[in-house]
Amino acid sequence: RSIGQELSKAWGQSVIIENIAGAGGSIGADKAAKSPADGYTLLMGHIGTLAVNPSLYPKLPYNPVKDFAPVAWVARVPNVLVVNPNSGLNSLEQILERARAQPGRMTFASSGSGSSPHLAGELLKHMTGVDITHVPFRGGAASGTEIIAGRIDMLIDNVPNSIGHIRGGQMRALAVTGSARDPA
């Protein structure tokens, strides 16, 4: 919405934001793809709609390569691995040690199956050989509640979803995706 406000100022006309949830962004992407190609409909595409969904689902109602033309890169949103601050876990290595000692007993939450946090967790499992159980939730808020309550061992989520809880001390950040520390 804040981007829409700035576009309205820059363009001197109203910009209406329509959030269309569901199916990892596929419903909204399909609606945008089927809109007239008149320049009045823009899709705020993300890794889910443009990369993950085409990799996971053999039949999408849109083609991310043919149906859209990139206009601008708006944001880079890394994922963060967090734990409850009372968990006794203070590093990624401690998580891996515990997971190796207790195969299949540790859990990691994500904002849903097929989301970038889910796939980041699966990549962590693949790269390290640990057996950690994925617990999908419907969005970052629900999974964040579970980590704060201590019912899940760790959470992988987008940095913006968790940063307030990290700064507030309800979550402890241990790692981020990417090759460098996130400035937040």
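All residue numbers refer to positions counted from 1 along the written sequence of the respective chain. This being a predicted model, a pLDDT of at least 70 is required before a residue's local features are given, and a value of 80 or more before pairs of side-chain atoms are given or counted; all residues contribute to the totals for chains, interfaces and linings. The basis for every side-chain value is the complete set of non-hydrogen atoms in the structure, without hydrogens or water.

### Digging into the overall build of the protein
Alright, step 1. Here a helix means four or more residues in a row that DSSP labels H or I, a strand means two or more in a row labelled E, and each is numbered from the N terminus. Within the protein, the regular secondary structure consists of seven helices and five strands.
Alright, step 2. Listing every helix and strand of the protein by position from the N terminus yields α-α-α-β-α-β-α-β-α-β-α-β.
Alright, step 3. Three exposure classes are used, based on accessible area relative to the maximum for each residue type with a 1.4 Å probe and protein chains only: buried under 20%, partly exposed in between, and exposed over 50%. By residue count, 33% of the 184 residues in the protein fall in the buried class.
Alright, step 4. Whether two residues are in contact is decided by their heavy atoms: any pair within 4.5 Å suffices. The contacts of the protein with a sequence gap of at least 6 include a subset with a gap of at least 24, amounting to 65%.
Alright, step 5. Accessibility throughout is a Shrake-Rupley quantity obtained with a 1.4 Å probe, and a residue counts as covered only by protein chains that appear here. Total accessible area computed for the protein in this model is approximately 11,400 Å², and 55% of it derives from carbon and sulfur atoms.
Alright, step 6. For this count, His and the chain ends are skipped, Lys and Arg are scored as positive, and Asp and Glu as negative. Here the site of a charge means NZ on Lys, CZ on Arg, CG on Asp, or CD on Glu. For the protein, the separation between the mean place of its 16 positive charges and that of its 13 negative charges on side chains is 2 Å.

### Focus on the side chain of E146
Alright, step 1. Inspection of the secondary structure assignment puts E146 in helix α6 (residues 140–149).
Alright, step 2. The class of E146 is buried, set by a relative accessible area of 17%.
Alright, step 3. Contact partners of E146, with chain neighbours within four places excluded, come to F137, R151 and I152.

### So, the side chain of N53
Alright, step 1. Secondary-structure assignment places N53 in helix α3 (residues 47–56).
Alright, step 2. Contact partners of N53, with chain neighbours within four places excluded, come to A23, G24, G25, S26, G48, L60 and Y62.

### Quick notes on α3
Alright, step 1. Residues of α3 that are buried include every one of G48, T49, V52 and N53, and no others. Within α3, the buried residues cover an arc of 115° as seen down the axis, which keeps them to one side.
Alright, step 2. Those residues of α3 that are buried are in contact with α2 (26–33) and α5 (116–128). Each C-beta atom gives one direction from the helix axis, and the arc is the one those directions make.

### Notes on the environment of V80
Alright, step 1. Mapped onto the fold, V80 is located in strand β1 (residues 79–83).
Alright, step 2. Among the residues examined, V80 registers a relative accessible area of 4% and is labelled buried.
Alright, step 3. Spatially, the C-alpha atoms of V80 and I163 are 9.0 Å apart, while their sequence positions differ by 83 residues.
Alright, step 4. For V80, the residues in contact, after removing those within four places along its chain, are L155, I156, D157, N158, V159, S162, I166, A173, A175 and V176.

### Observations concerning the sheet that holds strand β5 (residues 172–176)
Alright, step 1. Pairing is mixed across the open sheet formed by five strands, whose spatial order is β3-β2-β4-β1-β5. The sheet terminates laterally at β3 (133–136) and β5, the two strands that pair on one side only. On average, each strand axis in the sheet is inclined to that of its neighbour by 30°, with strand direction left out of account.
Alright, step 2. Paired strands, in this sense, are two strands between which DSSP finds at least two bridges. Relative to β3, strand β2 (residues 107–110) runs parallel, the two sharing four bridges. Working convention: axes come from line fits to C-alpha atoms, limited for helices to the stretch in contact. Angles between N-to-C directions cover 0 to 180 degrees.

### Looking at the environment of R172
Alright, step 1. Of note, R172 is situated in strand β5.
Alright, step 2. Exposure remark for R172: the relative accessible area of 24% places this residue in the partly exposed category.
Alright, step 3. The spatial distance from the C-alpha of R172 to the C-alpha of H46 is 26 Å, given a sequence separation of 126 residues.
Alright, step 4. The contacts of R172, once residues within four sequence positions are left out, are L81, V82, V83, N84, P85, S87, L89 and N90.
Alright, step 5. Looking at R172, its side chain comes within polar contact range of the main-chain oxygen of L89, at 2.7 Å. As used in this structure description, the phrase polar contact means that two N or O atoms lie within 3.5 Å; if the pair is within protein, one of them must be able to donate a hydrogen and the other to accept it, and residues adjacent in sequence are counted only when both atoms belong to side chains.

### Concerning the confidence of the model for the protein
Detailed conclusions should not be drawn from predicted coordinates in areas where pLDDT is low.
Alright, step 1. Every residue is assigned a pLDDT by the predictor, reflecting its confidence on a scale from 0 to 100. Scored by pLDDT, the protein has a mean of 92; 100% of the residues are at 70 or more.
Alright, step 2. Element-level pLDDT for the protein is lowest in α3, with a mean of 88, against a maximum mean of 97 in helix α4 (residues 92–101).

### Section: the environment of E97
Alright, step 1. Within the secondary structure, E97 is located in helix α4.
Alright, step 2. Relative accessible area serves as the criterion here: at 47%, E97 is assigned to the partly exposed category.
Alright, step 3. Each C-alpha atom of the pair E97 and M44 lies 39 Å from the other, and the pair is 53 residues apart in sequence.

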